[in-house]
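# Reading the structure
Residue strings, one per chain:
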Amino acid sequence: MDWGALHTILGGVNKHSTSIGKIWLTVLFIFRIMILVVAAERVWGDEQQDFVCNTLQPGCRNVCYDHFFPISHIRLWALQLIFVSTPALLVAMHVAYRRHEKKKQFRKGDQKCEYKDIEEIRKQRFRIEGSLWWTYTSSIFFRLIFEAVFMYAFYFMYDGFRMPRLMKCNAWPCPNTVDCFVSRPTEKTVFTIFMIAVSSICILLNVAELCYLLTKFFLRRSKKAGNSKQQPNHENKEETKQNEMNELISDSCQNTVIGFSS
Amino acid sequence: MNWAGLYTVLSGVNRHSTAIGRIWLSVIFIFRIMVLVVAAESVWGDEKSAFTCNTQQPGCNSVCYDHFFPISHIRLWALQLILVTTPALLVAMHVAYQQHQEKKLLMLTGHADAKHMEEVKKHKMRIAGSLWWTYVCSVVFRLLFEAVFMYIFYMLYPGYQMMRLVKCEAYPCPNTVDCFISRPTEKTIFTVFMLVTSSVCIVLNMAELIYLVVRACARRSQHSSNPSSAKSSFYGHKHSSEYKQNEINQLLTEQDGSLKDMLRRNSGLQEKGDRCSAC
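Cut-offs applied
Residues numbered from 1 in each chain as written. Chains lettered and ligands numbered in written order. Predicted model: local features only at pLDDT ≥ 70, side-chain atom pairs only at ≥ 80, totals over all residues. Heavy atoms only, no water. Helix = DSSP H or I, 4+ residues; strand = E, 2+ residues; numbered from the N terminus. Buried < 20%, exposed > 50% of the residue type's maximum accessible area, 1.4 Å probe, protein only. Contact = heavy atoms within 4.5 Å. Areas by Shrake-Rupley, 256 points an atom, 1.4 Å probe, with all protein chains shown as cover. Pairing = 2+ DSSP bridges. pLDDT = per-residue confidence, 0-100. Salt bridge = Lys/Arg side-chain N within 4 Å of Asp/Glu carboxyl O. UniProt positions renumbered as here; feature names shortened; annotations may be inferred. Axes fitted to C-alpha atoms, helices over the stretch in contact; angles between N-to-C directions. Disulfide = S-S within 2.5 Å. Phe/Tyr/Trp six-rings, centres within 6.5 Å; stacked < 30°, edge-to-face > 60°.

A few words now on the overall build of chain A. A count of helical and extended segments in chain A gives 10 helices and 3 strands. Going from N to C terminus, chain A has its helices and strands arranged as α-α-β-α-α-α-α-α-β-β-α-α-α. Taking all 262 residues of chain A together, 41% fall into the buried category. Long-range contacts, defined as pairs at least 24 residues apart, comprise 76% of the intrachain contacts of chain A with a sequence gap of at least 6.

Helix and strand content of chain B: 11 helices and 3 strands. Seen in sequence order, chain B has helices and strands lined up from the N terminus as α-α-β-α-α-α-α-α-β-β-α-α-α-α. For chain B, the proportion of its 279 residues judged to be buried stands at 48%. Long-range contacts, defined as pairs at least 24 residues apart, comprise 75% of the intrachain contacts of chain B with a sequence gap of at least 6. Put simply, chain B shows about 13900 Å² of open surface, and 62% of that area lies on carbon and sulfur atoms.

Residue and element names in this part refer to chain A. Residue alternation in strand S2 (residues 166-169) divides its side chains into a buried set, Met167 and Cys169, and an unburied set, Leu166 and Lys168. Relative to strand S3 (residues 178-181), S2 runs antiparallel, the two being bridged by 4 bridges. Looking across to S3, one finds that Cys169 is bridged to Val178.

Attention now goes to the confidence of the model for chain B. Residues and elements named next belong to chain B. This prediction gives chain B a mean pLDDT of 81; 80% of its residues lie at or above 70. Segment residues 229-240 is flagged for pLDDT under 50; beyond a separation of four residues in sequence, or across chains, it makes 16 contacts in the model. Low confidence marks residues 268-279, where pLDDT is under 50. Its contacts with residues over four positions away, or in another chain, come to 28 contacts. Overall fold confidence for the complex sits at a pTM of 0.80, while the interface term, ipTM, reaches 0.78.

The next subject is the pattern of salt bridges. Applying the stated criterion across every chain yields a total of 17 salt bridges over all chains. Taking the shortest distance from any N to any O, the salt bridge between Lys48 of chain B and Asp50 of chain A comes out at 3.1 Å. In this pair, Lys48 of chain B sits in the loop between helix H2 (19-43) and strand S1 (52-53) while Asp50 of chain A sits in the loop between helix H2 (19-43) and strand S1 (52-53), so the two residues belong to two different chains. The exposure class assigned to Asp50 of chain A is buried, which follows from its relative accessible area of 16%. The closest approach of N and O atoms between Glu209 of chain A and Arg143 of chain A, which form a salt bridge, is 3.5 Å. Of this pair, Glu209 of chain A sits in helix H8 (residues 185-227) while Arg143 of chain A sits in helix H7 (residues 131-158), and the two are 66 residues apart along the sequence. By relative accessible area, Glu209 of chain A is classed as buried at 0%.

Across the junction of Trp172 of chain A and Pro173 of chain A, the peptide omega takes the value 15°, indicating a cis bond. As for its position among the elements, Pro173 of chain A is in the loop between S2 and S3. Cis geometry is found at the peptide bond from Tyr171 of chain B to Pro172 of chain B, where omega equals 10°. For Pro172 of chain B, the position within the fold is in the loop between strand S2 (165-168) and strand S3 (177-180). Of note in the backbone geometry, Arg183 of chain B takes a positive phi value of approximately 50° without being a glycine. Inspection of the secondary structure puts Arg183 of chain B in the loop between S3 and helix H8 (184-225).

Those places that UniProt annotates as "domain: Connexin N-terminal" (unreviewed entry) correspond, in this numbering, to residues 42-75 of chain B. In residues 42-75 of chain B, the share of helix is 41% and the share of strand is 6%. The end C-alpha atoms are 13 Å apart.

Residues and elements named next belong to chain B. Ordered in space as S1-S3-S2, the 3 strands form an open sheet in which the pairing is antiparallel. Each of the sheet's edge strands pairs with one partner strand only, and the pair in question is S1 and S2. Pairing of S1 with S3, which is carried by 2 bridges, proceeds in the antiparallel orientation. Residue pairing in the sheet places Thr52 in a bridge with Phe180 of S3. Against the sheet, helix H3 (residues 60-68) contacts S1, S2 and S3, and its axis sits at roughly 110° relative to S2.

Let us now look at the state of the cysteines. One pass over the full model with this rule turns up 6 disulfides over all chains. Between the sulfur of Cys60 of chain B and that of Cys173 of chain B lies a disulfide, 1.9 Å long from S to S. Measuring the twist about the S-S bond at about 105°, one finds the Cys60 of chain B-Cys173 of chain B disulfide to be right-handed. Pair noted here: Cys60 of chain B is in helix H3 and Cys173 of chain B is in the loop between S2 and S3, with a separation of 113 residues, a long-range link. Judged by relative accessible area, Cys60 of chain B falls into the buried class, the value being 0%. Between the sulfur of Cys64 of chain B and that of Cys168 of chain B lies a disulfide, 1.9 Å long from S to S. Measuring the twist about the S-S bond at about -85°, one finds the Cys64 of chain B-Cys168 of chain B disulfide to be left-handed. On the criterion of sequence distance, the pair formed by Cys64 of chain B in helix H3 and Cys168 of chain B in strand S2 is long-range, its members being 104 residues apart. Listing the disulfide partners of chain B by sequence rank of the bonded cysteines yields 1-6, 2-5, 3-4. Taken in sequence order, the bonded cysteines of chain A link in the pattern 1-6, 2-5, 3-4. Here Cys202 of chain A is not cross-linked by a disulfide; its sulfur's nearest cysteine counterpart is in Cys211 of chain A, at 16 Å. Relative accessible area serves as the criterion here: at 0%, Cys202 of chain A is assigned to the buried category.

Taking the numbering used here, the UniProt-annotated feature "domain: Connexin N-terminal" (unreviewed entry) corresponds to residues 42-75 of chain A. Each end of residues 42-75 of chain A is marked by a C-alpha atom, and these two atoms are 13 Å apart; helix forms 41% of the span and strand 6%.

Let us now look at the packing of aromatic side chains. Enumeration over the complete set of coordinates arrives at 26 aromatic pairs over all chains. Considering the side-chain rings of Tyr155 of chain A and Phe161 of chain A, the 5.6 Å spacing of their centres and the 65° angle between planes classify their relative orientation as edge-to-face. For Tyr155 of chain A, a relative accessible area of 43% translates into the label partly exposed. By relative accessible area, Phe161 of chain A is classed as partly exposed at 29%. Plain terms: the ring middles of Phe51 of chain B and Phe69 of chain B are 6.2 Å apart, the flat faces sit at 85° to each other, and that makes the pair edge-to-face. Taken together, the residues Phe51 of chain B in the loop between H2 and S1 and Phe69 of chain B in the loop between H3 and helix H4 (73-85) connect sequence positions 18 residues apart.

Quick look at the structure:
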């Protein structure tokens with residue numbers, strides 16, 4: 001089970017996400033997980049063996065390393081990425097449950113069931129409404145919480161995001177205050193800032209997705225409230241359908257028309 | 001998620017690229033990413049452990065290494081390759097959006113069977129209209145990222161040549177010490193190689209940009225010199241609702257070639273006049 005397997009699992013969830021959700025997933029995989037795997041892990045690879053203290057006292061180096069790095073950046077990021085990507089599985093579970101219900105209905109030979117076969121049920125994309133909307137919104141909310149918690153944990157543990165070159169340590173058994181030197185501090189600072197920046201972008205995307213879902217919810221509600229006052233008739237439906245078609249066509253050929261008329 | 005995963009993601013985009021775009025993608029994957037993974041990473045593998053300074057002072061080695069190599073070449077190249085390849089995803093997103101619109105249109109016109117849906121997924125989108133703008137933006141971003149990273153490289157490591165010996169006097173080194181870099185000549189060769197391939201990619205991107213612009217201008221001049229179909233549809237009373245409905249009906253019959261073909265095959269429509277200029 002590695003990052004590739006996580007990619008496979010979450011790729012399935014992607015189908016039921018909003019467009020912002022799909023962008024978020026792409027940013028997560030390409031700018032965070034991929035950077036972690038191909039670059040950051042190498043930078044932190046020799047962090048303990050190249051952590052050098054100006055003393056020959058056995059054990060001093062180990063104790064000082066442990067004092068300054070209770071948990072390595074790499075492991076923190078790995079945990080953060082796992083926690084942040086797993087709320088999407090709530091949505092996957094809910095979708096699987098709905099599919100299971102529809103398959104049960106289909107097998108019973110229910111008249112109301114509109115599917116032709118089991119394959120169609122498996123391939124169908126569910127709209128984000130009703131209880132699925134609540135599950136989806138909760139998953140985004142959890143994502144936001146995990147991101148924020150890890151950002152705070154990072155800041156709290158490493159007091160700012162800069163990696164110093166030199167740290168002074170006087171934990172036992174070091175005989176006095178010794179100088180300890182961190183390996184590749186500048187490169188580590190660069191990557192820390194990069195990962196923080198991408199994490200902030202992900203937080204913004206999640207907030208945008210949350211706002212989008214809430215707006216869609218309220219619009220749908222007000223539309224329903226408005227529609228319930230009118231009497232729906234056949235002509236109205238046809239007009240709405242034609243309007244929607246016209247909009248789609250004019251959207252897709254909009255630039256053509258502009259091109260011609262200019 | 002690693003380079004192979006990135007390759008899978010980007011191969012999908014390849015289908016909607018121009019010929020130059022495909023060549024560019026092959027150069028990126030074979031001459032840059034592959035060389036990075038199979039060769040360059042082993043050359044730079046022992047860059048820190050074999051960086052030796054002429055002193056016993058603890059910490060002097062680390063500090064001098066950090067002073068001369070704030071960020072390793074390998075990581076810079078990895079970042080450059082990731083940032084340079086990702087604008088192509090803008091195109092992929094736009095294509096996915098257009099395919100979604102086509103599917104919706106098929107559903108509304110009652111052609112929503114599995115065969116047509118599959119065709120929507122498989123047919124190649126023409127680079128025209130708003131997709132042209134997205135594609136051009138992605139090429140411009142690629143060029144920008146390549147240029148920025150070349151500049152950063154030059155700023156951090158002026159002259160591209162890796163020295164054998166560097167002199168360091170940062171604390172805690174007691175005085176100016178000699179520090180020796182591992183495999184300087186091999187590193188110089190690979191640096192020059194990556195630089196040359198980066199320049200080749202820049203040239204390919206510029207060629208693609210020029211090609212797209214020239215094609216768009218040629219298409220426009222073709223339509224302006226052949227105004228007979230254009231006039232009857234798009235000039236005159238632009239704001240009347242009849243005009244608009246006629247325009248839409250015409251667009252529906254003259255829509256993007258493949259969609260038109262799909263509908264034609266199904267309903268036996270005859271091909272009418274010129275194609276939509278988006279094609």
